[in-house]
Amino acid sequence: MSPLLKSHFALRTRILLFTGSVITVIMIVSSAAILFSWRALMLENAVRSAEDITKAFAIPAIKEFIRNETSNILIEEELGSLVNKYKSEDSHIKFIKIVNNENKIIAHTDWRKVNFIEIDSSDIIINKTGKLISAVLSKSEYGEIIETVCPLHIAGKKWGVMKVGFSAESLQAKLKDLYFMLFFSTIFVILGALTVLYFISARLTKALSELIEILEHLDFDVDQAKSAVEGKNEAQFLFAKFEEMRSRLRRSKEELINAQKQIYQAEKLASIGRLASGVAQLTKLTTR
Amino acid sequence: MRISKKTIGFVFIALAVFTAAAFLLYFEVTDISRNFELSALKNQSVKKYQDTVYIGVVSRFTPEKIYEGYQPIMDYLSEKSNYLFELKLSSSYRQTLRQLNQGKVTAAFFGSYIFIKEMNGNLKAVLKPLDENGKPFFRSALIVKENSDIYTVKNLAGKRVALPSPMAFSGNWLQKIELKKFGLSDSSLKEIKHFNYHNSVVRQVLMGNFDAGVVKDRVAKEFAEKGIRVVAYSEPIPGSPIVISRKSDKAKVNALVKILLASKNDKSVKDWDPEFSFGFVKAKNEDYLGLKKMIPERN
């Protein structure tokens, strides 16, 4: 590197910074896009799976309600054992509760909560509208959970809602793994790209650097050159040098023309002198 | 390559921005919480009803099947009136009869056979369903497995036959009417067994537990392409009536009759039980007298 350019943004540095920045930004944006797409897919799958399980659970619960209408069974007992059976079969389930049309919890995996009146606007709305709905919530008792609320209904006949809480911890752990995998992959790819760019830029600017080295050995006014390249890269530096050379040539040409003019004048004077001397000599001979 | 202060500054700022973005992204990615989207549901208005009207149904199908086929009728009635119509299931045909006699239900989907058996001054048929040809009749069908060697009623000798409830016309037609026509009797058959539901009869025949069975034509049609073949049909029988009692509230009955009479022109009835998806006509007790005569009291 030219000593003249060492304190400035050289072309190679600029290539590295600009292209490196572009590559880095593209990589970060791409990784973020992939990350959010995967996140959305994983979340959608987890929620859909939770909703499907809830729908499957709702069928026997509805059958129990129907059975209760045709034969007097202890519906709370039947539903209670049903929800506990479900919970024991799926380790992801944190709780299952069934709330009737009067907002009373008639079955819960935690028996202590049975018979409590639970006024939850979402339950009431879902029961009335008959649509299954889900959310991902953080609850002090269960941590991060996917909660599904499924109306227990056939056509317009409604018996209440079934609420199931599924652990979302494994989903979160998977998302963290995905994040770190993509983060380190991105860093690795960026570093790799910058390394390749470093060598490519060195190759690209090699010829310029060599030219500058040669120019350095020419006779220049170093102070003037320094001021000329202030804040410039190699190409601008070379252009400045070229301009300087051109002005020097122009000056040399003018000096040459002046010298020629002076020589011509001197020759002219010498000829006049010689003529005058010849005339004088002839005059002298004649007078003798 | 020597790096200038400017370059170092630029790289430092870039690294700081990258680190901050990485942290923000981490929290954004791992925060999966999202609330219930209730806004769309909240806008759905819920109708307020003047009163609840309970409708009984004879237990010709499983309760789940009854809810699937009959609840849409209740929803339709509730939508078209100021009453909330609700089904009242029963575990037997007789329980539905008791519910109606005791005024626990305003009306009931009855079977034609139980109606003629229990027809008295207290019960009144108000509506009967139309079939796909627009006629207020149904038929019982003798069904066998597709590959069965039974082609006429005569082939039933020595065979096992599954029947629906003895309180249904289909549970009586074969024994009381059809066998006699072919010179057969109950004793000609190897086994006769009644099942609670028409669908149970079809399942028993399909599983091979019984050689033949009798069900309503609409059930036979439902299973026509699922391995069932119809060997014989009964004469057209007046359709299963909707019956009221003296205790039934007139205003509620009028609302029910008016709406169901108009339903045959409504395309939304296709979700109803196939027996009722072609609409209804008015019924009178006299419509069923012919059926009463057709079936002898004792075999």
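A. Region of the structure containing the environment of A:Glu64. All names here are of chain A. Among the secondary structure elements, Glu64 is positioned in helix H1 (residues 11-70). In sequence terms Glu64 and Lys174 are 110 residues apart; their C-alpha atoms lie 37 Å from each other. A polar contact of 3.0 Å, which involves the side chain of Glu64, links it to the side chain of Arg67.

B. Examining the packing of H1(A) against helix H1 (residues 5-30) of chain B more closely. Taken N-terminus to C-terminus, the directions of H1(A) and H1(B) make an angle of 0°; their axes are 12 Å apart at the nearest point. Accordingly, the angle class assigned to the pair H1(A) and H1(B) is roughly parallel. Seen from H1(A), the contacting residues are A:Thr13, A:Leu17, A:Ser21, A:Ile28, A:Ala32, A:Leu35, A:Phe36 and A:Arg39; seen from H1(B), they are B:Thr7, B:Phe10, B:Val11, B:Phe18, B:Leu25, B:Glu28 and B:Val29. Among the residues making up the contact of H1(A) with H1(B), the classes are represented as 10 nonpolar, three polar and two charged.

C. Geometry of the pattern of salt bridges. For the structure on display, the rule yields 26 salt bridges over all chains. Here A:Glu118 makes a salt bridge to A:Lys97, at a shortest N to O gap of 2.6 Å. Here A:Glu118, found in the loop between strand S2 (105-108) and helix H3 (121-129), pairs with A:Lys97, found in strand S1 (residues 93-100); they are 21 residues apart in sequence, far enough to count as distant. Relative accessible area serves as the criterion here: at 17%, A:Glu118 is assigned to the buried category. For B:Lys216, the salt bridge identified is with B:Glu275, shortest N-O distance 2.6 Å. Of the two residues, B:Lys216 is situated in strand S9 (residues 212-216) and B:Glu275 in the loop between helix H9 (250-262) and strand S13 (280-282); the sequence distance between them amounts to 59 residues. In the salt-bridge network here, residues are joined through shared partners; they are A:Lys97, A:Glu118, A:Lys139, A:Glu147 and A:Lys163.

D. Spotlight on the sheet that holds strand S6 (residues 140-145) of chain B. Residues and elements named next belong to chain B. Spatial ordering of the open sheet is given by S8-S7-S9-S6-S10, a layout of five strands whose pairing is mixed. Two strands in the sheet have a free side with no partner beyond their single neighbour: strand S8 (191-194) and strand S10 (228-233). Neighbour-to-neighbour, the strand axes of the sheet open up by a mean angle of 30°, direction not taken into account. Relative to S9, strand S7 (residues 160-163) is paired through two bridges, and the arrangement is parallel. By the bridge assignment, Val161 is partnered in S9 with Ala212. Packed on one face of the sheet, helix H6 (residues 173-181) meets S6, S7, S8, S9 and S10 and runs near 85° to S6.

E. Main features of the packing of aromatic side chains. The full count for this structure, using the stated rule, is 22 aromatic pairs over all chains. Aromatic pair A:Phe57 and A:Tyr86: ring centres 3.8 Å apart, planes at 5°, arrangement stacked. Of this pair, A:Phe57 sits in helix H1 while A:Tyr86 sits in helix H2 (residues 75-89), and the two are 29 residues apart along the sequence. The residues A:Phe57 and A:Tyr86 share a single accessibility class, namely buried. The interplanar angle of 75° and the centroid separation of 5.3 Å between the aromatic rings of B:Tyr70 and B:Phe276 together place this pair among those described as edge-to-face. One end of the pair, B:Tyr70, is in helix H3 (residues 63-80); the other, B:Phe276, is in the loop between H9 and S13, with 206 residues separating them in the sequence. With a relative accessible area of 0%, B:Tyr70 lands in the buried category. The class of B:Phe276 is buried, set by a relative accessible area of 1%. Looking at A:Arg12, its charged tip hangs above the ring of A:Tyr198, at a distance of 4.3 Å from the centre. Residue placement shows B:Lys216 over the ring face of B:Phe138; its charged tip is 4.5 Å from the ring centre.

F. How the structure looks around helix H7 (residues 198-207) of chain B. The element H7(B) is largely enclosed, with a buried count of seven among its 10 residues. Turning to H7(B), its buried residues number three or more, namely B:His198, B:Asn199, B:Ser200, B:Val201, B:Val202, B:Gln204 and B:Val205.

Quick notes on the rules
- Residues numbered from 1 in each chain as written.
- Chains lettered and ligands numbered in written order.
- Predicted model: local features only at pLDDT ≥ 70, side-chain atom pairs only at ≥ 80, totals over all residues.
- Heavy atoms only, no water.
- Helix = DSSP H or I, 4+ residues; strand = E, 2+ residues; numbered from the N terminus.
- Polar contact = N/O pair within 3.5 Å; in protein donor to acceptor, adjacent residues only side chain to side chain.
- Axes fitted to C-alpha atoms, helices over the stretch in contact; angles between N-to-C directions.
- Parallel < 35°, antiparallel > 145°, perpendicular 65-115°, else oblique.
- Contact = heavy atoms within 4.5 Å.
- Nonpolar A, V, L, I, M, F, W, Y, C, P; charged D, E, K, R; others polar.
- Salt bridge = Lys/Arg side-chain N within 4 Å of Asp/Glu carboxyl O.
- Buried < 20%, exposed > 50% of the residue type's maximum accessible area, 1.4 Å probe, protein only.
- Pairing = 2+ DSSP bridges.
- Phe/Tyr/Trp six-rings, centres within 6.5 Å; stacked < 30°, edge-to-face > 60°.
- Lys NZ or Arg CZ within 6 Å of the ring centre and 35° of its normal.

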